[in-house]
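Listed here are the chains, written in short residue letters.
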Amino acid sequence: MPGIDDFIRPKEWTSEMQAQMRTAIRKWADDRLKPIVENVDEDWKDHKLVEPLLKEVLVDFGLNSAFFPTELGGQDMPENQYMAMTCTVVEELSRIDSGFATACICSIWGLVPILLKPTRNMELLKDIAPKFCGRDLYVGSHLITEPASGADVENLGVLKGKTIQTTATLEGDEWIINGHKIWATNTGRVGDLYTVIATTRKGSSDLNDFGLFLVPRESEGVSVGNPYHKAGMAADMNSDVWFDHVRIPKKNRLHGPGKDAEYWLRTVSMGQLGTAAMAVGVMKGVYEIIKKWTTERIVAGKPLKEHSICAEMLSEIAMNIESTSAWMWAYIREWDHPEIYGTKSWDEGFTLKTRGLAVHASIAVERVCSRAMDFMSSAGYAREYGLEKHWRDSKMIGLWMGGYGLKALENARYWFECETL
Ligand SMILES: Cc1cc2nc3c(=O)[nH]c(=O)nc-3n(C[C@H](O)[C@H](O)[C@H](O)COP(=O)(O)OP(=O)(O)OC[C@H]3O[C@@H](n4cnc5c(N)ncnc54)[C@H](O)[C@@H]3O)c2cc1C
């Protein structure tokens, strides 16, 4: 009998290590997260339920320490597993709660340019490893979006940081950070360490001025707002963060002029692949719900799935999972195996291609949730069956990281060599 593990995941590309991680995370998500997922949805303001769950995944399962070097207390995941393991974890968590998956993966997302080989910054990793590899919950957050526009900050290809309003000014041995960020995952009371995008020269479109800076939340001059009340993704807390003459050591710039912009594309390509894994996880969750429903629900004297018009919808769901999963695994492979493809995960062309995958994945997941609801009807709209939560949460999967417009135009820029967009 086919099930969620029969959708495309090339066996020759997956490892024993990934299989074990998949089994462990799936069991945890089914036993621990699923029974309380409706309550987590109400916990957007306080995160009383979410915090202990975050500790279980980030600390006990070791997601926070997974990529850190062994000599600093981490698990030093092999380079050829980086993206396969990331997507495996994100997919399995998203099958139950994509908001929770977002909160987990974003804890380390902003560190990608200094955390992964071969672009590690050992001096900075040494500073932060005791927290990320320790026994207490410590959470990272990547602050990109600003009130004026999130997409413009991400649009490095054309705007090259010109519109960034958050500034970093060097004074002696310290950077002084000023500005206002909004929306980042793991803000509010959650995040402990921010990776902040700031410009070293306001209005500059020189990529040497695009900077990435580590700012601990406890620094003087940092203040955070209240959590936003969103349509979904309650397990991800988002709020305003203000920086008022915040002083950080000079060494807290991740790589320096030029390199910050170059290696940040690694963060983008990982974000797009993570987005696809999230969509695949949600779609598999929906597949399980709608398969059970259309098998057990008797309409006009036979199971719903035996009606041809319903079968057409079921086929569409299966096709969306197959196509998104196949495409995702092809790019995972390219990310993890530069020795075969000659691709670096921060290559501009590769990053722009992953934008296309993210668009496809977000359209697929939205369609799958909506079509499933068409046939579950009012029950699909009720909280108790779980579909409604996936439907609400997954809309966001297409909106972040520059939104639909920026992702689509960057993808077209690559494939069609657009010169002005
Ligand atoms: C649950 C959640 C988690 C999030 N996590 C993070 C996070 O971790 N870090 C973070 O910094 N932010 C985060 N965000 C914010 C999110 O990434 C931004 O909202 C998103 O990037 C879009 O920015 P914006 O809302 O300012 O839209 P705008 O920048 O105002 O864009 C509006 C629309 O215009 C389109 N557009 C932009 N440029 C062009 C163009 N040149 N041509 C055509 N169309 C264009 C965009 O694609 C978009 O569709 C999160 C938001 C949510 C809700």
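Residues numbered from 1 in each chain as written. Predicted model: local features only at pLDDT ≥ 70, side-chain atom pairs only at ≥ 80, totals over all residues.

Across its full length, the protein chain holds 16 helices and 9 strands. For a compact globule of 421 residues, the expected C-alpha radius of gyration is about 22 Å, and the protein chain comes in at 21 Å, within 12% of that figure. Seen through its C-alpha atoms, the protein chain measures out along the principal axes to roughly 80 × 50 × 40 Å. The buried share of the protein chain, reckoned over its 421 residues, is 48%. Considering only residue pairs separated by 6 or more positions, the protein chain has 76% of its internal contacts joining residues 24 or more positions apart. (Helix = DSSP H or I, 4+ residues; strand = E, 2+ residues; numbered from the N terminus. Rg over C-alpha atoms; globule rule 2.2 N^0.38 Å. Buried ≥ 20, exposed ≤ 12 C-beta atoms within 10 Å, placed from the backbone. Contact = placed C-beta atoms within 7 Å.)

In this section: the site of the ligand. Around the ligand, the structure places 26 residues, and the nearest of them are Ile-144, Gly-150, Ala-151, Gly-403 and Gly-405. Counting only elements with at least two residues in the shell around the ligand, the list comes to strand E1 (140–143), helix H8 (150–154) and helix H16 (403–416). With 5 residues, the single largest contributor to the shell around the ligand is H16. Split into classes, the residues belonging to the shell around the ligand amount to 13 nonpolar, 10 polar and 3 charged. Each of domain 2 (141–256) and domain 3 (260–416) gives at least three residues to the shell around the ligand. (Near = placed C-beta within 6 Å. Nonpolar A, V, L, I, M, F, W, Y, C, P; charged D, E, K, R; others polar. Domains from an automatic or database assignment.)

One ladder, built from 7 bridges, connects strand E3 (residues 174–181) with strand E7 (residues 241–249); its direction is antiparallel. Looking at the pairing, Lys-181 lines up with Val-241 of E7. Of the pairings in the sheet, the one linking strand E6 (residues 222–224) to E7 comprises 3 bridges and is antiparallel in character. Note on E7: the bridge partner recorded for Ser-223 is Trp-242. (Pairing = 2+ DSSP bridges.)

Our next topic: the domain arrangement of the protein chain. Each domain of the protein chain was delimited in the assignment, giving domain 1 (4–137), domain 2 (141–256) and domain 3 (260–416). Computed from C-alpha atoms alone, the centre-to-centre distance between domain 1 and domain 2 is 23 Å. With 24 residues of domain 1 at the contact, the number on the domain 2 side is 21 residues. For the side of domain 1 that touches domain 2, the elements supplying multiple residues, two or more each, are helix H2 (37–42), helix H5 (98–109), helix H6 (112–115) and helix H7 (122–132). Counting residues per element, the side of domain 1 that touches domain 2 draws most heavily on H5, which supplies 8 residues. The class makeup of the residues in the side of domain 1 that touches domain 2 is 12 nonpolar, 7 polar and 5 charged.

This next bit is on the packing of H5 against helix H10 (residues 259–296). At a minimum axis distance of 11 Å, the contact between H5 and H10 shows a crossing angle of 160°. When the axis of H5 is compared with that of H10, the two are roughly antiparallel. In this structure, H5 meets H10 at a crossing whose hand is right-handed. On H10, the residues touching Ser-98, Ala-101, Ile-105 and Trp-109 of H5 are Thr-267, Met-270, Gly-271, Gly-274, Met-278, Gly-281 and Val-282. Here the contact of H5 with H10 is composed, by residue class, of 6 nonpolar, 5 polar and no charged. (Axes fitted to C-alpha atoms, helices over the stretch in contact; angles between N-to-C directions. Parallel < 35°, antiparallel > 145°, perpendicular 65-115°, else oblique. Left-handed = near helix turned anticlockwise from the far one by under 90°.)

Excluding glycine, a negative phi dihedral is what most residues carry, and trans is how most peptide bonds are arranged. Residue Pro-118 follows Lys-117 across a cis peptide bond; omega there is 0°. Relative to the helices and strands, Pro-118 is located in the loop between H6 and H7. Positioned with a positive phi, Asp-76 is a non-glycine residue whose angle comes to about 45°. Position of Asp-76 among the secondary structure elements: in the loop between helix H3 (50–60) and helix H4 (82–94). What makes Asp-76 partly exposed here is the crowd of 14 C-beta atoms within 10 Å.

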